Structure formats: C-alpha cells, structure tokens
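What follows is each chain in one-letter form.
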Amino acid sequence: DLQAGEYSQQSLYRIAMLQRAKGMDDSARSLFRRIAGATDNSALTAECVYRIGESWLSYREYVNAQSAFEEVKNTFDGVEDWYTLSLIGLGECYEKSNNISKARETYQTVIILHPEDDFGTTAQSRLKRLRKE
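So, on to a positive patch on the surface. A surface patch of positive charge is lined by Arg-104, Lys-128, Arg-131 and Lys-132. Structurally, the position occupied by Arg-104 is in helix α6 (residues 100-113). Using a relative accessible area of 31% as the deciding quantity, one classes Arg-104 as partly exposed.

The phi torsion at Arg-60 lies on the positive side, around 60 degrees, for a residue other than glycine. If you trace the backbone, Arg-60 turns up in the loop between α3 (42-58) and α4 (62-75). One non-glycine residue, Asn-98, adopts positive backbone phi at about 65 degrees. Looking at where Asn-98 falls in the secondary structure, it is placed in the loop between α5 (80-96) and α6.

On inspection of all chains with the given rule, the structure shows three aromatic pairs. Between Tyr-13 and Phe-32 the ring centres are 5.8 Å apart and the planes differ by 50 degrees, which places this aromatic pair in the tilted class. Linking Tyr-13 in helix α1 (residues 6-21) with Phe-32 in helix α2 (residues 25-38), this pair joins segments that are 19 residues apart in sequence. Judged by its relative accessible area of 11%, Tyr-13 falls in the buried class. Phe-32 gets classed as buried once you look at its relative accessible area, which sits at 2%. Joined through ring pairs, the aromatic side chains of Tyr-50, Phe-69 and Trp-82 make up one cluster. Positioned over the ring face of Trp-56 is Arg-29, at 3.6 Å from the centre of the ring.

Definitions and cut-offs
- Residues numbered from 1 in each chain as written.
- Predicted model: local features only at pLDDT ≥ 70, side-chain atom pairs only at ≥ 80, totals over all residues.
- Heavy atoms only, no water.
- Patch = residues over 30% accessible without salt bridge, like charges linked within 9 Å, V, L, I, M, F, W, Y side chains within 5 Å.
- Areas by Shrake-Rupley, 256 points an atom, 1.4 Å probe, with all protein chains shown as cover.
- Salt bridge = Lys/Arg side-chain N within 4 Å of Asp/Glu carboxyl O.
- Lys, Arg positive; Asp, Glu negative; His and termini not counted.
- Charge placed at Lys NZ, Arg CZ, Asp CG, Glu CD.
- Helix = DSSP H or I, 4+ residues; strand = E, 2+ residues; numbered from the N terminus.
- Buried < 20%, exposed > 50% of the residue type's maximum accessible area, 1.4 Å probe, protein only.
- Phe/Tyr/Trp six-rings, centres within 6.5 Å; stacked < 30°, edge-to-face > 60°.
- Lys NZ or Arg CZ within 6 Å of the ring centre and 35° of its normal.

By themselves, these are just geometric observations and shouldn't be taken as functional.
Structure below.
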C-alpha cells in the first residue's frame, strides 16, 4: 500500500529503479507515477516525475518527456537538483524538437542558477554545441 508510509514508498521506488535497469520501462514509469501520486514527499515526487521524463527521453518520445520535465519545473522549483535536471532535460527536448531558441533560453537559465558546478558546465557545453550548428 503506497499510503503505508515512507518506507513502502522507498521500497517501491527501488523496485521501479530495478525495473528500469532491467528494461521494463513501461512498468517502471507506471510505478513512478503511482508513487508520485501517493507521497507527500516533494523530493521523492520530483524525482519520480523526472525519472518518467528521463525514460521517455531515452525512447525519443520528446513530447512525453517534455511534459514530465515541465511538471517538475512548474511544480517543484524548490527541489533543486531534480528541478535543474529537468531543465537540462527540457533543453534537450527543445533541441530534438528543433526549438533551438527555447533550448538556448533553458540552458542559459541553468547557467544562471549554477554558474560553477556540473549542471552549469553541462548547460554551457550544450550551448556551445548549439552555436556550432
């Protein structure tokens, strides 16, 4: 039961990650969505929704990935790492969908928020790549 508490939610999260690792992506996304809908833990919810977007991105399902990343961006801006990772994922979705101006804007936001860490470095390298194209 997902409502039973944080330990059961963490256990189910581990099961979803195991499903993902075994290539059972539909099952993993479904379980991530169930966890996200049942927990009051905003960090866990943000991570689950991010993982859904990440999964869709790996399948080049950019509309679905973008939807999940936007959900994290719009709902969990206080959950720093998952918010920022979702911005980077959004930038990639925009790139792959040929919305280069939105990709640039998104990467620039990451650079402003994280000028001197790995997030910022990733965004800077992606911006450089966009300039070359």
